[in-house]
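If you want the building blocks of each chain, they are given just below.
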Amino acid sequence: METHASNSFKVGKSKTVRYTTIIIWLLVVAVLIPVWYMVTSDPVIGSIIIMAVVTFLVAVVMAYFYSISPRMVEIGEGALVVHRAVGRKEFRYDDIREAGLWTGNPLHLFRLCGCDGFYGYTGWFSGGGLGKHFEYVGKYADAFYIKLRSGRTYMLSCDEAKTVVERINEKR
C-alpha cells in the first residue's frame, strides 16, 4: 500500500503567479490607503459609503480567488482530489474519460471568467487545444488535463504531473 505522501503532489506556483500576486497586493494597498486618507480627511457620508462598498467588494474578490487557488493534488482511493486553499474538489475516477499532459501554449488561452495569475490561474478559460475548460493551475509547465464523461474539461497542475496522469489512467 502506498503512503499518503507518495499520493500527494504540491501545486507549484510560477514566477509569473508569484509576481502577479505581489504586484496586485501592492497596487490595492497603494490605491486604497491614499483614497481612504482623502475620503476621511474631508468626510462626506456618500463618499465614505462608496469607499466602504468598493473596499468590501475588492476584499471579497481577492478572498474568493485565494480560497479557490490550488495547493495540492492527491491521488485518492476513489477520486483525484484538488486541495484548494479552502475546501477541495473531487473527480471520481469512474467519471474521468481521458487524462493527459497538457502541451499547449499559455498564450493561446483566453480567460472567459476567472483569475489570470493572482494566486494562480483559476476559472473558465478557452483554447489551448481543450476548448472551454476550468483551470486550477499554478504553473503551466506542470499542467495536465482531465476530460470527464459529462463533457466537462479541467486543466490542473502539480509537481510530477506525468506521474499523476499515469496513476489516473491506471485507476480509471
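So, how was this worked out
Residues numbered from 1 in each chain as written. Predicted model: local features only at pLDDT ≥ 70, side-chain atom pairs only at ≥ 80, totals over all residues. Heavy atoms only, no water. Helix = DSSP H or I, 4+ residues; strand = E, 2+ residues; numbered from the N terminus. Expected span 1.5 Å × (residues − 1). Buried < 20%, exposed > 50% of the residue type's maximum accessible area, 1.4 Å probe, protein only. Core = buried A, V, L, I, M, F, W, Y, C linked by side-chain atoms within 4.5 Å. Contact = heavy atoms within 4.5 Å. Pairing = 2+ DSSP bridges. Axes fitted to C-alpha atoms, helices over the stretch in contact; angles between N-to-C directions.

1. A word on helix 2 (residues 45-67)
Between its first and last C-alpha, helix 2 extends 32 Å over 23 residues, near the 33 Å set by a 1.5 Å rise per residue. For helix 2, the complete set of buried residues consists of Met51, Met62, Phe65 and Ser67.

2. Some words on the nonpolar core
For soluble globular proteins, the rule of thumb is that nonpolar side chains tend to be buried together. Residues Leu80, Phe91, Phe144, Ile146, Leu156, Val164 and Ile168 are the most contacted members of the largest nonpolar core, which totals 22 residues. Considering every element that reaches this core, the biggest residue donor is helix 3 (residues 161-171), with four residues. Among residues more than four places away in sequence, those in contact with Leu156 are Leu80, Val82, Phe91, Tyr136, Val137, Asp142, Ala143, Phe144 and Ile146. In this structure, Val17, Trp102, Tyr140 and Tyr145 belong to the second largest nonpolar core, which totals 11 residues.

3. Structural notes on helix 1 (residues 15-41)
Its 27 residues give helix 1 an end-to-end C-alpha distance of 39 Å, which sits within 8% of 39 Å, the value for a rise of 1.5 Å per residue. Its buried side turned inward, helix 1 meets helix 2 and strand 7 (121-127).

4. Topic: the sheet that holds strand 3 (residues 79-84)
In sheet architecture, strand pairing relies on hydrogen bonds along the backbone and comes in two forms, parallel and antiparallel. With respect to topology, four strands assemble into an open sheet ordered 1-2-3-4, the strand pairing being antiparallel. At either margin of the open sheet sits one strand with a lone partner, and together these are strand 1 (8-10) and strand 4 (88-92). Taking the axes of each pair of neighbouring strands and ignoring which way they run, one obtains an average angle of 20° across the sheet. Set on the sheet, helix 3 makes contact with strand 1, strand 2 (70-75) and strand 3; between it and strand 2 the angle comes to about 40°.

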